[in-house]
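Residue-level listing of the chains:
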Amino acid sequence: MSPTSPANPGCPTRRLTTAQALVAFLARQYTERDGRRQRLISATWGIFGHGNVAGIGQALMEAGGGRSGGGGNGGAGNGAAHRMPYLQGRNEQAMVHAAVGYARQSGRLSAHAVTTSIGPGATNLVTGAALATINRLPVLLLPGDTFATRPADPVLQQLEVEYAGDVSVNDCLRPVSRYFDRITRPEALIPAALQAMRVLADPAGTGAVTLALPQDVQAEAYDWPEEFFAERDWHVRRPAPDTHELEAAVRAVRSARRPLIVAGGGIRHSAAEETLAAFTAATRIPVASTQAGKGALRHDHPADVGGIGHTGTATADELARTADLVIGIGTRFSDFTTASGTLFANPAVRVLHLNITGFDAHKLAALPLVADARAGLEALTAALAGRGYRVAPAYETEYTGAKEAWEERVEASFATPDPTARPTQTQVLGLMDALVTEDDILINAAGSLPGDLHKLWRTRSRDQYHVEYGYSCMGYEIPAAIGVLLAAEGRTPRRPVWALVGDGTYLMNPTEIVTAVQENLPLKLVVLQNHGYASIGGLSEAVGAERFGTAYRHRDADGGFTGPPLPVDLAANAASLGMRVLRATTVDDLRTALSEARDAGGPTCVYVETETPDTVSGPPPAQAWWDVPVAETASRPAAVKAREEYDRQVAARRRHL
């Protein structure tokens, strides 16, 4: 007979360590939305040290161990359905990136946990946590912490704070977490774990969740109520709009003559793509997309006018400048989207914002429509249906014609007139555009590629375009691709997943190549070698900093970095980590290599040195401004000229009140 809890007589208990109890609890949490049920925490990433090896590490071994959940002795009472698969990472930040990629591909309905030791292992989580929270993507962080009982003070890797005895390095995670708790007693885990699941499953409040776990508490045994280990379903709600806000939204739409939708990532998180398509079919309102929202409509949908903002298309940005109603759906209206407050230039423009969070829905002094994207669009479509609203045919003809003109610019950028020449970056994208189908997924986050992709890429499915531009974190792409591959496991045939990186990004975080090799995941890595930070180099030139510190070159006689390119062989590096590498030097070589990589069954790298673009094969320039302040006083002519241009642009900025 099981013992009973002193606090709840008659309630059976199970004696486990805190770590064993946490793992057993996590394996029994589920999300449910629209009748679909799945594990909330489907696996745990971990790198072990003295702060978690005897706690969470031991518990994971008992809870199933391997990736498939096999093995283990069931010490935490785990049946096959309740095992906790373990994933071995090489860098703590990268493990969070992989978990974020998994969560995004899973529609935020399933997530991964990440466990680390104390000290540097824990602080390495901070960048990944910030990325997760900024992008509203769930990840559970389980860093080890210093002793709660303080038998020796300090212990290895402990931060000593003179004014506070209860502070550790894990407190760095507080501002980048949507929920944080430190579990200083076993029984404190029960309310903290329930709160953690609540936040992870909250569509309006999700992000990084941190449970800091002192290493002694992890290993401490406690009599846990069996009820703690019951399966729980966390319903992911779809809040409907308020009637008053809906009526105000209907009036705003009906009075608009030049409305424009700005589609954000909330559409993808809500799986509202078909609902958006139905809304545009009824109203013919054009749809521009943020980086997170690209793919809300297919590129060939008549209403899709491409990316918006600093990296947007001329079509979308011109419509934004003349719009009298901007309808945001699930966007944060970042500075790249609004062109730093200069894009929505019509003096009479109003903003209507459908968003699941009131915080975002009120941005730009918008008329708020606080609701789930799908539920809100369904309500708005139904409310407009009986009132005969549709944009004027002349407006529809205008934006469809402008879209056709932009497509000609895309074709010119993708053109490869000389197949024996070294390709430009946009030609690389053109070759990929000709190769992929709606099954392929492209992952990118930083450098000049996000701008080129936002302007030029022809998205073929709702989840093909995976560009992390909330935090734009160099080093995200490779581990995120692993997370996406894990989320897509079981599909036949397996979806091709591409991680596109420049040399600067590659050097930031190539460690999870080893994980892809270990798991035999068919990651397709495309490394573009352009010998430095191309994106920041261009920005540096534009703001009068003359590309200072942006090239990967030897020093010259004056101490600058204008010498020959560094003899760094990134292809050899990828090969040394276990990848199959295909080198390409010409357009024809690259076409063959990309096709071969797409068909490969294991991790494969395509390495190509790109050419500096010219006016024919380069991307179209920015179609809208971005505010990067320029030195107000300077002695160098480039900076003086840049400041003059900055003053001209900033004069066009407005506040929406």
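You'll find the structure just up there.
None of the values given here were measured: they were computed from a predicted structure.

Novice: Please set out the overall build of the chain residue by residue, giving values where relevant.
Specialist: Looking only at helices and strands, one finds 24 helices and 23 strands in the chain. Reported as C-alpha extents along the three principal axes, the dimensions of the chain are approximately 80 × 70 × 55 Å. Going through the 657 residues of the chain one by one, you find that 58% of them count as buried. Taking the contacts inside the chain whose residues are at least 6 apart along the sequence as the reference set, 75% of them involve residues at least 24 apart. With an accessible surface of roughly 25700 Å², the chain has 53% of that area assigned to carbon and sulfur atoms. Within the chain, the 70 negative side-chain charges are centred at a point lying 4 Å from the centre of the 62 positive side-chain charges.

Novice: Residue-level account of empty space enclosed by the protein, with values.
Specialist: Throughout the structure, instances matching the rule amount to five cavities of 30 Å³ or more. Roughly 190 Å³ of volume is contained in the largest cavity. Taken together, 20 residues line the largest cavity, and the ones lying closest to its centre are Lys-294, Asp-304, Gly-306, Glu-407 and Trp-457. Mapped by element, the contributors of at least two residues to the lining of the largest cavity are β14 (304-307), α15 (393-414) and α17 (449-456).

Novice: Please provide a residue-by-residue account of unusual backbone geometry, values included.
Specialist: A cis amide bond links Asp-153 to the next residue, Pro-154, at an omega of 10°. Following the sequence through the fold, Pro-154 ends up in the loop between β7 (139-145) and β8 (179-182). Residue Arg-284 is not a glycine yet carries a positive backbone phi of 65°. Checked against the element boundaries, Arg-284 lands in the loop between α10 (273-283) and β13 (287-289). Take Arg-284: its relative accessible area is 25%, and that puts it in the partly exposed class. Even without a glycine there, the phi angle at Ser-340 is positive, about 55°.

Novice: How would you sum up α10? Please name residues and give values.
Specialist: For α10, the full list of buried residues reads Glu-273, Thr-275, Leu-276, Phe-279, Thr-280 and Thr-283. One face of α10 carries all of its buried residues, which in axial projection span an arc of 160°. Next to the buried residues of α10 lie β12 (259-263), α9 (265-270), β13, β15 (325-329) and α14 (373-385).

Novice: Please provide a residue-by-residue account of the pattern of salt bridges, values included.
Specialist: In total, this model carries 40 salt bridges according to the counting rule given. Put simply, Arg-653 and Asp-627 hold a salt bridge, and the shortest N to O gap is 2.3 Å. Placement of the pair is Arg-653 in the segment after α24 (637-650) and Asp-627 in the loop between β23 (604-609) and α24, with a sequence separation of 26 residues. Residues joined in a network through salt bridges with shared partners are Arg-33, Asp-34, Arg-238, Asp-372 and Arg-374.

Novice: Give a description of the sheet that holds strand β5 (residues 86-88) that names residues and reports values.
Specialist: Strand-to-strand pairing in sheets goes through backbone hydrogen bonds, with the strands running parallel or antiparallel. If you trace the six strands from one edge of the open sheet to the other, you get β5-β4-β6-β7-β9-β8, paired in parallel fashion. With partners counted over all chains shown, the strands left at the sheet margins are β5 and β8, one partner each. Taking each pair of neighbouring strands and ignoring which way they run, the sheet shows an average axis angle of 20°. Bridge count between β8 and strand β9 (residues 208-214): four bridges; the pairing is parallel.

Novice: Just give me the short version of the sheet that holds strand β2 (residues 29-33), but keep the residues and values in it.
Specialist: Strand order in the open sheet made by the three strands is β3-β2-β11, with mixed pairing throughout. Of all the strands in the sheet, just β3 (36-39) and β11 (232-235) have a single pairing partner and so form its edges. Strand-to-strand twist in this sheet, taken as the mean axis angle between neighbours without regard to direction, amounts to 30°. In this structure, β2 lies alongside β11, joined through four bridges in parallel fashion. Considered in β11, the bridge of Glu-32 is made with His-235.

Novice: Report on the packing of aromatic side chains, specifying residues and quantitative values.
Specialist: In this structure the tally under the stated criterion is 11 aromatic pairs. Relative to Trp-224, the ring of Tyr-222 lies with its centre 4.9 Å away and its plane at 75°, an arrangement referred to as edge-to-face. Residue class for Trp-224 comes out buried when judged on its relative accessible area of 0%. Judged by centre distance (5.2 Å) and plane angle (75°), the ring pair of Phe-336 and Tyr-469 falls under edge-to-face. Of the two residues, Phe-336 is situated in helix α12 (residues 335-338) and Tyr-469 in the loop between β19 (465-467) and α18 (477-487); the sequence distance between them amounts to 133 residues. With a relative accessible area of 12%, Phe-336 lands in the buried category. Here Tyr-469 falls in the partly exposed class, since its relative accessible area comes to 23%. Members of the aromatic cluster, joined through ring pairs, are Phe-25, Tyr-222, Trp-224, Phe-228 and Phe-229. Looking at Arg-37, its charged tip hangs above the ring of Tyr-30, at a distance of 3.8 Å from the centre. One Lys or Arg, Arg-460, reaches over the ring of Trp-457 and ends 5.7 Å from the middle of that ring.

Novice: Explain the layout of surface pockets residue by residue, including any values.
Specialist: Vacant regions in the atomic arrangement are exposed by a probe of water-molecule size rolled over the atoms. When its volume is computed, the second largest pocket comes out at roughly 430 Å³. If you trace the second largest pocket, you find 23 residues lining it, with Arg-36, Gln-105, Ser-106, Gly-107 and Arg-462 closest to the centre. Contributing elements (two or more residues each) for the lining of the second largest pocket: β3, α3 (92-105) and α9. With three residues, α3 is the largest single contributor of residues to the lining of the second largest pocket. Looking at the lining of the second largest pocket residue by residue, the class counts come to five nonpolar, seven polar and 11 charged.

Novice: Just give me the short version of a nonpolar patch on the surface, but keep the residues and values in it.
Specialist: On the surface, Leu-507, Leu-566 and Val-568 cluster together into a nonpolar patch covering about 220 Å² of accessible area. Secondary-structure assignment places Leu-507 in helix α19 (residues 503-508).

Novice: I'd like a rundown of the nonpolar core, residues and numbers included.
Specialist: Core analysis: the largest hydrophobic core is formed by 52 residues, its most contacted members being Leu-276, Ile-308 and Ile-329. Tallying contributions element by element places α14 first for this core, with six residues. Non-local contacts of Leu-276, meaning those with residues more than four positions away in its chain, are made with Ile-261, Ile-267, Val-287, Ala-296, Leu-297, Ile-329 and Leu-377.

Novice: Explain the packing of helix α1 (residues 18-26) against helix α2 (residues 53-62) to me, and be specific about the residues and the numbers.
Specialist: In contact at an axis separation of 8 Å, α1 and α2 are set at 50° when each is read in the N-to-C sense. One way to sum up the angle between α1 and α2 is to call them oblique. As α1 runs across α2, the sense of the crossing is right-handed. Contacts from Ala-19, Gln-20, Leu-22 and Val-23 of α1 reach α2 at Gly-55, Ile-56, Gln-58, Ala-59, Leu-60 and Glu-62. Of the residues contributing to the contact of α1 with α2, the split by class is six nonpolar, three polar and one charged.

Novice: Let's hear about the pairing of β23: which residues, and what values?
Specialist: Taking burial as the measure, the six residues of β23 include five buried ones, the bulk of the element. The pairing of strand β21 (residues 523-529) with β23 spans six bridges and is parallel. Opposite Lys-524, over in β23, you have Thr-604 as the bridge partner. Between the parallel pair strand β22 (residues 580-584) and β23, the chain is carried across by helix α23 (residues 587-599), and the sense of this crossover is right-handed.

Calculation criteria
Going along each chain's sequence as written, the residues are numbered from 1 onward. Two thresholds apply to this predicted model, a pLDDT of at least 70 for residue-level local features and 80 or more for giving and counting side-chain atom pairs, whereas whole-chain, interface and lining totals are computed over all residues. Computation of side-chain values: all heavy atoms of the structure, hydrogens and water removed. Only DSSP runs of H or I covering at least 4 residues are called helices, and only runs of E covering at least 2 are called strands; the numbering of each starts at the N terminus. Exposure classes here rest on a 1.4 Å probe applied to the protein chains alone. A residue is buried below 20% of its type maximum, exposed above 50%, and partly exposed in between. Throughout, a contact is declared for two residues whenever any of their heavy atoms are within 4.5 Å. Residue burial considers only the protein chains on display, and all accessible areas are found by Shrake-Rupley using a 1.4 Å probe. Just so you know, the count uses Lys and Arg for positive and Asp and Glu for negative, and it drops His and the chain ends. Where a charge lies is defined by one atom per residue type, namely NZ (Lys), CZ (Arg), CG (Asp) and CD (Glu). Think of a 1 Å grid over just the protein atoms. A cavity is a set of points where a 1.4 Å probe fits yet cannot get out, a pocket is an open set with protein on both sides within 12 Å along at least five of seven lines, and lining residues have an atom within 4 Å of a point. Grid points are joined across faces, edges and corners, and a volume is the space filled by probe spheres set on the points. Arc definition: it is the arc formed by the directions from the helix axis to the C-beta atoms. One side-chain nitrogen of Lys or Arg within 4 Å of one carboxyl oxygen of Asp or Glu is enough to make a salt bridge. Note on pairing: two strands pair once DSSP finds at least 2 bridges between them. Axis definition: a line fit to C-alpha positions, over the contact stretch in the case of helices; interaxial angles, taken between N-to-C directions, run 0 to 180 degrees. Any two of the Phe, Tyr and Trp rings considered here, Trp counted by its six-membered ring, make a pair once their centres fall within 6.5 Å; the pair's planes then place it as stacked at under 30 degrees, edge-to-face at over 60, or tilted in between. Note on criteria: charge over ring means Lys NZ or Arg CZ within 6 Å of the ring centre, with the direction from the centre no more than 35 degrees off the ring normal. Basically, the charged four are Asp, Glu, Lys and Arg, the nonpolar ten are Ala, Val, Leu, Ile, Met, Phe, Trp, Tyr, Cys and Pro, and anything else, Gly included, counts as polar. Patch construction takes residues with relative accessible area above 30% that form no salt bridge. Like charges are linked within 9 Å, and nonpolar side chains (Val, Leu, Ile, Met, Phe, Trp, Tyr) are linked within 5 Å. Grouping buried Ala, Val, Leu, Ile, Met, Phe, Trp, Tyr and Cys residues that are joined through side-chain atoms within 4.5 Å yields what is termed a nonpolar core. These descriptions rest on fixed angle ranges, namely under 35 degrees for roughly parallel, over 145 for roughly antiparallel, 65 to 115 for roughly perpendicular, and the rest for oblique. Helix crossings fall into two classes, left-handed where the near helix is turned counterclockwise from the far one by less than a right angle and right-handed where it is turned clockwise. Here the term right-handed applies to a crossover when the path leading from its first strand over the helix to its second strand runs clockwise, the strands being oriented away from the viewer.

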